[in-house]
Amino acid sequence: MKFIICFLIYILYSFHFGNAITINALVRSEEKVYSLLAKEFNKYSKENRLDITLNLNLLSIYNTSYKVDSYESLIENILNRKSTKYDIIIYDNIYTKKFESHFLDLSEHLPQEHLDLYSKSALSQSCISNNRWVALPISPIYTILYSNMKYLNKYNKDVPKTWDELIETSKYIMNEEKKINNTNLLGYNGGFNEIEFGTCSIYEFIYSCRDSFDSPFPNLSDNTTINALNLLKKIKNEISSDEYFRSTSMGIIYKLLNGNFLFLKFWDYSNFPYYKKSALPGIKYGLSGTTVGGHNIAILNYISKEKQEMSLKVLTFITSKEINKKFVMEEVMFSSISSLYYDEEVCSVIDCDYYRSFQPVIRPIWKTGIFEWDNYSLKFRNHIYEFLYGNKTAAEALQNVVDILKIYNISIHTNDNYVGIIIFILLSIILILIIFSMFIPLFKVFEFYFKIFSYDFWIIYLSGSIVLLYLCFMEYGEISQFKCKLKTAILFFGNYLNQFPFFYELLIYFPLEFKGSKFINDHRLLIIFIYSLINIILIILSLFVPIYSKEIIIDNGKNFKSCRIKDLSGNILNSFLYFMNNINMLLMLYIVFMEWNIQETFIEIKLLSSSVYMNVLLYILLLIFSFIDINNYIFHFIIYEIFYILFIISNYVCLFGSRIILAINKKNKNNEKEKNEDRFFIAENNNKLNHLSSLSNTNSIIQCTNNTIYQYILKYHEKQIELGINDTMTETIMTKNTNSIILSF
C-alpha cells in the first residue's frame, strides 16, 4: 500500500514539474551577477510553484557558428532571424535604438508603479525608444576616480573636487617624486582610448564642465564645450601624455595593480585597499560627470503569448525593488532605483553618500540620425582626437562633430555662407520685374508690341514665370518629401502657362496651304483642349513618381537632403514625363518650322523658336542632372537655381523683354527702318484670320501625291507668305471672331 501511494505521488510530481516552462535568457558569458539573479528567481519560482525555470544561455564566439567580433553582433544575427530560441535578451544599453523593434513594449504589460521605480534614473533614457518602454536597466556601472592615498597621505593632499585641484595636486606630487627619481609616476590617465570607453570619457568630461548643476549637456558648438576641451588638453599636456591618455582597458587595469599613479579613471569594479573611490571632479565645486554603462533586459515580441507572460514574471521579479535592495546591500551590483540610496537600512551597510554624489550622463544614443551608435561614436571621438592628439583647434574639431549629424540647407541667413542671400536678392529682383511687367502692355508706348493676343493671355504667361520663380524659392530650407513631390509638377505647370498663349498664336497662323490645315483651323478649340489635357495629365502623373527626400551623408563634409527616385520604375516614369513634355515642345517647333517665313510674324517666330529650343535643352540637362550625384549642397543648390532661372529668363527675354527693347528703340530711332521692322510683329491687323479664311476658300491646297512628306513640309518652310491687309469691314468681323475664340476658351 505504501508503495502504491509513493508511486502516485511520484507520478503527480512528475506530471506537475514536467509541464514547467523554461524561459531562456541570452547573456554575456562573463557576467556573474546574472547567475545570482537566475538562482534567486528559480528559488522564488519553486517556493511559489510558478512552474517557470529561468535558464541562462551564456553566449560567446566560442559556442556559436557565427564568426563575428562582438556580443552585440551575435545578438543582431539572432534577432534578425526572429529566432524563438531565446525569450529574454540582456544587451548593452547603447543598443536600445538598434534593437528596439524586436522588443516588447513593457509599458503595455507592467504596472506603472514598477516603471516609476526607474523613471527618475538617468538610465531610463536608454530604455525608451520611439515612445516605447522596451527595456529596464539591470546592471548599471559608473566611471569613478581612483585616488592613490599612498601619495596623497604622504604629501598631505586631499582628493580633488575640481579639475584645477587635480592639476595642481598632480603637478606638485609629480615634481616632488621626480626629486627622488620616481619619473614614471602618472598624474591622470584620462581614458581617451580608441574604444567606446574613449567616447564615454569625452561625454562625461564635457558634462563635468557645464555651467551649473541643473544645466543640461552643453551644446557642442558652445564656448562651454570649447573651453572644456581646452582644459582637457591642458590636463594631458601638464600631468599626463598621449600614451597614458590612449591607454587600453588592460593598460588601465595594469596601472591599478602596480599603483604607480596619482589619479586614475575607470569603471567602478571592486575595492582596492590603498585607493579611495570618488566621483570625478568638475569645472567647479558641486559639479561632476560620470558615464553610465551596463546592460538592459528586454523581452522579445515575437515569442508566444504564454512565454511573454512567463517572461514578464521573470523580468518583474529580478527588477523589483526587493531584489535590487538585497543585491545592493550584498554589494553584488549597483541599482538604477535611486530611492534605494536614501533607504536607511541600505545606507547602514553601504556608503550612500558616495553613490548619491554621482552625476550621471547618458550617451545620446537616440540622437544619431541614420547612424548606428557604433558608427557615430567612432566618428565622434576621432574628430575630438584630431584636437586632443593633433593640430586642429577645439572649435574646428567640434564643428566636424556637429557636421556628422547636421543636415545643411540653403537659407537667407549668412551663418554658413552668403549664397542663399545673394540668390534670394536676385530672385526678388526678378519677381519685382515680373510683377511690374504685368502693367507694361497697358502703357500706350508699348501697346503696339503686345497686340499679339489679349492682355489676359499676357497675365497667363507672366503667371507661369511666377510659378517657376516659386520653384526657385522651394530650394530654400529643408528639402522635404512634400517639396520633392511638387517640384516636377510645378516645373511642368509653370512652363505650360508660359507656352500656352504662344501655342494658341501658332494655331491662328497655321498655313492654310498645308494639307490638313482646314481641320486645324476648324478645330482650334479642340486642339487647344487636347494640348492642355496632355499637359494636365503630365502634371498629375508627376505627382506619382516614387520620389523621396534622401539624406546625403558626406564624410568629413556637409550633409544635405536631395530628392531621389526610389527605384527603376520611378526613373522610367520620370524619364517618360520629361520625354512627353519635350514632345509637346517639339510639336510647337514643328509648327514654328511650318510658319518660319511668314512675313507678318517673321520676328515672332524666330523669338518663339529660340525660347522653345532653350526649354528643350534645359529639360534634357535637368533630366541628366537628376541621375548625377552631387556631393556639395551649395553646388547642388546653385545648379538647380541656375536651371530654373534660365527657364524664366530665356522665356522672358525672348517672348516679353524683346518687345520692350524694340518699343524703346522705336522711340529713340523713329525712322523708316524701324517702321519696316514693326511689320514683322503681329500688329494692329487682326484681320489676318479673315485673309486666311479667304485663302482656304480658294481651293489653294497644294497636292502632295508625288512628293515625300519631308519635301512637302520643307517646301512650306521655305515658302514666302505675305498676308495682305483687308478692308475695315473684314477687320471688324475677324476681330470679333478672334475675341470670341479667346473668350470661349
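Before any of the text, the structure's been laid out above.
How each quantity is defined
- Residues numbered from 1 in each chain as written.
- Predicted model: local features only at pLDDT ≥ 70, side-chain atom pairs only at ≥ 80, totals over all residues.
- Heavy atoms only, no water.
- Helix = DSSP H or I, 4+ residues; strand = E, 2+ residues; numbered from the N terminus.
- Buried < 20%, exposed > 50% of the residue type's maximum accessible area, 1.4 Å probe, protein only.
- Contact = heavy atoms within 4.5 Å.
- Areas by Shrake-Rupley, 256 points an atom, 1.4 Å probe, with all protein chains shown as cover.
- Phe/Tyr/Trp six-rings, centres within 6.5 Å; stacked < 30°, edge-to-face > 60°.
- Lys NZ or Arg CZ within 6 Å of the ring centre and 35° of its normal.
- Pairing = 2+ DSSP bridges.
- Disulfide = S-S within 2.5 Å.
- Axes fitted to C-alpha atoms, helices over the stretch in contact; angles between N-to-C directions.
- Left-handed = near helix turned anticlockwise from the far one by under 90°.

Peer 1: Break down the overall build of the protein for me, citing the residues and quoting the values.
Peer 2: A tally of helices and strands in the protein yields 30 helices and 14 strands. Scored against the burial criterion, the 745 residues of the protein give a buried share of 52%. Of all intrachain contacts in the protein linking residues separated by at least 6 positions in sequence, the fraction that spans at least 24 positions is 74%. Entry remark: accessible area of the protein is about 36300 Å², with carbon and sulfur atoms responsible for 58%.

Peer 1: Quick rundown of unusual backbone geometry? Include the residues and the values.
Peer 2: Unusually for a residue other than glycine, Asn 156 sits at a positive phi of about 55 degrees. Checked against the element boundaries, Asn 156 lands in the loop between helix H6 (149-154) and helix H7 (163-178). Positioned with a positive phi, Glu 331 is a non-glycine residue whose angle comes to about 55 degrees. Positionally, Glu 331 belongs in the loop between helix H13 (321-329) and helix H14 (344-347).

Peer 1: Go over helix H17 (residues 394-405) with me, naming the residues and quoting the values.
Peer 2: The periodicity of an α-helix, 3.6 residues per turn, causes residues three or four positions apart to be oriented the same way. Among the residues making up H17, those that are buried are Ala 394, Ala 397, Leu 398, Val 401, Asp 403 and Ile 404. The elements touched by buried residues of H17 are helix H9 (223-239), helix H16 (373-388), strand S12 (407-408) and strand S14 (559-565).

Peer 1: An account of the packing of aromatic side chains is needed here, citing residue identities and associated values.
Peer 2: With the rule as written, the count across this model stands at 52 aromatic pairs. Geometrically, the ring pair formed by Tyr 203 and Phe 217 is tilted, given 5.3 Å between the ring centres and 40 degrees between the ring planes. Here the residue Tyr 203 occupies a position in helix H8 (residues 196-208), and Phe 217 occupies one in the loop between H8 and H9, the gap between them amounting to 14 residues. Taken together, the ring pairs connect Tyr 142, Phe 334, Tyr 341, Tyr 354, Tyr 355 and Phe 358 into an aromatic cluster. It is Lys 265 that lies over the ring of Phe 197; its NZ or CZ is 4.6 Å from the centre.

Peer 1: How would you summarise the sheet that holds strand S13 (residues 547-552) if you had to cite specific residues and measurements?
Peer 2: Within the open sheet, the three strands sit side by side as S12-S14-S13. Their pairing is mixed. Every interior strand has two partners, whereas the edge strands, S12 and S13, have only one. Strand direction decides the pairing type here: S13 and S14, joined by six bridges, are antiparallel. Among the inter-strand pairings, Ser 549 is bridged to a residue of S14, identified as Cys 563.

Peer 1: Can you break down the state of the cysteines residue by residue, with the values?
Peer 2: Per the counting criterion, the structure on display carries two disulfides. Disulfide pairing is shown between Cys 347 and Cys 352; the S-S distance is 2.1 Å. Judged by the torsion about the S-S bond (-105 degrees), the Cys 347/Cys 352 disulfide is left-handed. One disulfide bridge connects Cys 484 with Cys 563, the sulfur atoms lying 2.0 Å from each other. One quick way to see it: the torsion about the S-S bond of Cys 484 and Cys 563 is about -85 degrees, and its sign makes the bridge left-handed. Taken as a pair, Cys 484 in helix H21 (residues 481-508) and Cys 563 in strand S14 lie far apart in primary sequence, 79 residues in all. Accessibility classification places Cys 484 together with Cys 563 in one group, the buried group. The connectivity of the disulfides in the protein is 1-2, 3-4, where the numbers refer to bonded cysteines in sequence order.

Peer 1: Report on the packing of H8 against H16, specifying residues and quantitative values.
Peer 2: Running from N to C, H8 and H16 point in directions that differ by 65 degrees, and their axes come no closer than 9 Å. Between H8 and H16 lies a crossing whose hand is left-handed. Only Trp 373, Tyr 376, Ser 377, Phe 380, Arg 381, Ile 384 and Tyr 385 of H16 make contact with H8, whose side of the interface consists of Glu 196, Gly 198, Thr 199, Ile 202 and Tyr 203.

Peer 1: Report on the pairing of S14, specifying residues and quantitative values.
Peer 2: Of all seven residues in S14, seven are buried, a share of seventy percent or more. Of the two faces of S14, the one lined by Asn 559, Lys 561, Cys 563 and Ile 565 and the one lined by Phe 560, Ser 562 and Arg 564 are each fully buried. Relative to S14, S12 runs parallel, the two being bridged by two bridges. In the strand pairing of S14, Ile 407 is matched with Asn 559.

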